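# Descriptive structure summary
What follows is each chain in one-letter form.
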Amino acid sequence: MGRITFPIGPQHPALKEPESFKITAEGECVVEVDIRLGYVHRSIEAACCHRNFVQSMYVCERICGICSHSHNNSFARGAEVLLGLEVPPRAKYIRTIVAELERIHSHLLWLGVAGHEIGFETLFMLVWRDRETVLDLQEMISGNRNHYGMSTIGGVKFDLTTEMVDKIRASLDILAERVAYYKHVATTEVTLLKRVENVGVLSEQLARDLGACGPTLRASNVAYDVRAAIPYDAYPDVEFEVSTSDLCDVLGRTIVRVLEMAQAINIIRQLLDKLPEGDIQVRARPRVPEGEVVIRTEAPRGELFYYLRSDGSDKPARVKVRTPTLANWPATIAMLEGAYVADVPISIASIDPCMSCTDR
Amino acid sequence: MSECAEQCIAIVREEYDGEILESGTMGQYEVVFSVPAEQIVQFATYIAKRGWWHLATITGQDLGEEIQMLYHFNAEEPPAVTIKAAVPKSDPRLPSITPQLPAATMYEREIFDLLGVQFEGHPRLERLVLSDDWPEGVYPLRLEELAKQAERDEEEKA
């Protein structure tokens with residue numbers, strides 16, 4: 001059968017962000033996939049070299065519009081290591097609470113988009129309604145629905161009042177109920193199962209070899225989660241399970257994300273119970289001593305990697321960011337090759353791709 | 001230095017039979033090894049097989065005289081391992097680890113794009129990030145380009 005090659009993107013009605021996929025198909029089967037990045041490259045790594053540490057932190061926060069806190073927090077943690085600052089425990093707890101709220105909102109967003117990709121618009125509407133609950137909490141805490149600017153070098157900017165804690169608890173009760181419902185939907189709803197079972201298959205060995213991360217890796221039965229592997233912030237103080245699935249397909253990734261939302265609610269409840277009193281910030285000097293540091297964070301989409309090097313001035317000498325989506329592209333290509341053309345959109349969506357993150 | 005980092009250095013120094021130029025730590029959980037650039041494939045494959053199976057990324061940075069590559073590996077437990085290998089800026093080339101460790105493919109292409117390092121043996125060393133009409137031989141993350149950008153920024157402000 002003759003081969004045809006067709007492009008999807010960079011400008012395409014079905015893609016939310018610009019990225020180019022060149023797909024070669026034999027009939028209905030995909031035989032080769034080529035990805036070309038860079039359509040939203042904003043030179044953020046270079047831009048950071050011209051700005052001081054505090055400015056760079058806010059530039060980095062703008063890498064992603066969904067997991068902004070992960071970026072903001074990773075940069076702040078890196079600068080703190082270089083400065084030798086010990087962050088007050090209350091600040092660590094607040095950071096972790098915001099990070100887990102962000103995880104819930106990111107996973108809900110993904111579940112909605114996945115529903116949309118497979119033509120299950122009811123799921124999309126329901127999930128995005130519930131996502132508002134989390135966004136309202138973020139707005140209450142930080143003043144913003146996204147780009148919270150929560151972490152700063154040396155702590156956090158906004159404290160949690162008793163009323164806020166009560167409001168978070170009340171909202172978590174609602175969310176817990178909804179997440180339990182989505183878990184039921186994800187494992188029993190025939191419309192969903194028919195579309196996601198055995199689609200976008202990624203074997204455990206391939207997931208490991210191709211450097212996949214986050215829910216994509218965990219859905220291929222690898223229990224690797226930075227929060228457990230190299231605990232940071234308040235994660236050493238909480239108990240949680242690393243959610244995995246051995247299904248290795250889109251269904252597995254759906255289940256892992258739903259389980260992670262339940263775990264996130266559990267983590268936030270533990271943190272609120274144990275929330276220590278005290279300061280939320282310590283003063284940081286503008287000049288950062290010479291040194292280099294690696295920071296790993298479990299962002300909602302997977303392991304987020306930061307490398308910072310300071311040459312002793314107030315500006316970073318090198319900021320390297322590797323976002324989870326970039327790590328997941330080789331695995332995505334492996335998923336697509338050999339699959340049906342009709343499964344391409346949901347397979348790509350299943351890694352929860354963020355093109356702006358990828359390009360930086 | 002944490003205990004796990006010390007153990008890691010001792011084990012690697014004993015087991016690995018190639019040349020290790022330097023070993024140390026970076027922060028609490030990160031062990032750093034420097035190896036000669038031409039032995040990077042041998043050492044990176046050893047580290048990946050020894051348990052640090054996850055290649056998080058490769059960082060490239062211009063240090064003036066040389067371009068340094070940092071290969072960041074980790075696993076389910078601390079410590080994580082970073083391998084440093086430097087190449088002269090006048091002739092930046094070193095062997096590609098992609099044939100052995102396919103996870104490196106995008107990372108090597110990105111460094112090729114932004115810092116102009118030739119990864120020899122990479123199955124497909126082509127542009128990944130920069131646009132097709134970007135001038136040949138201009139590498140945006142090299143120090144001289146960064147300096148030019150800073151100048152332009154100043155002019156815009158003035």
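Refer to the preceding data block for the structure.
Residues numbered from 1 in each chain as written. Chains lettered and ligands numbered in written order. Predicted model: local features only at pLDDT ≥ 70, side-chain atom pairs only at ≥ 80, totals over all residues.

### Some points on the overall build of chain B
- Check the secondary structure of chain B and you find four helices and seven strands.
- Mapped in sequence order, the helices and strands of chain B form the string α-β-β-α-β-β-β-β-α-β-α.
- The principal-axis extents of the C-alpha atoms in chain B amount to approximately 55 × 35 × 30 Å.
- Sorting the 158 residues of chain B into buried and exposed places 42% on the buried side.
- Across chain B, every contact between residues at least 6 apart in sequence was considered, and the portion connecting residues at least 24 apart equals 51%. (Helix = DSSP H or I, 4+ residues; strand = E, 2+ residues; numbered from the N terminus. Buried ≥ 20, exposed ≤ 12 C-beta atoms within 10 Å, placed from the backbone. Contact = placed C-beta atoms within 7 Å.)

### So, unusual backbone geometry
- A cis amide bond links B:Pro78 with the next residue in sequence, B:Pro79, at an omega value of 0°.
- Within the secondary structure, B:Pro79 is located in the loop between β4 (66–74) and β5 (80–88).
- Look at A:Asn198: it is not a glycine, yet its phi comes out positive at around 60°.
- A residue is classified by how many C-beta atoms lie within 10 Å of it, and A:Asn198, with 12 of them, is exposed.
- Not every positive phi belongs to a glycine, and A:Asp352 is a case in point at roughly 55°.
- Here A:Asp352 is to be found in the loop between α13 (344–349) and α14 (355–359).

### Remarks on helix α1 (residues 3–15) of chain B
- For α1(B), with 13 residues, the first-to-last C-alpha span of 18 Å sits near the 18 Å given by 1.5 Å per residue.
- In this structure, the buried residues of α1(B) make contact with β1 (22–26) and β2 (30–34) of chain B. (Expected span 1.5 Å × (residues − 1).)

### Some details on the interface of chain A and chain B
- With 31 residues of chain A at the interface, the matching set in chain B holds 33 residues.
- Residue composition of the side of chain A that touches chain B, grouped by class: 15 nonpolar, five polar and eleven charged. (Nonpolar A, V, L, I, M, F, W, Y, C, P; charged D, E, K, R; others polar.)

### Side note on the sheet that holds strand β7 (residues 302–310) of chain A
Residues and elements named next belong to chain A.
- An order of β6-β7-β8 is seen for the three strands of this open sheet, with the pairing classed as antiparallel. One side of each edge strand has no neighbouring strand; the edge strands of this open sheet are β6 (291–299) and β8 (316–322). Looking at each pair of strands side by side, their axes are set apart by 15° on average, direction ignored.
- For β6 and β7, the ladder comprises nine bridges, and the chain directions are antiparallel. Among the inter-strand pairings, Thr297 is bridged to a residue of β7, identified as Leu304.
- Relative to the sheet, helix α12 (residues 324–336) contacts β6, β7 and β8, its axis offset from that of β7 by approximately 125°. (Pairing = 2+ DSSP bridges. Axes fitted to C-alpha atoms, helices over the stretch in contact; angles between N-to-C directions.)

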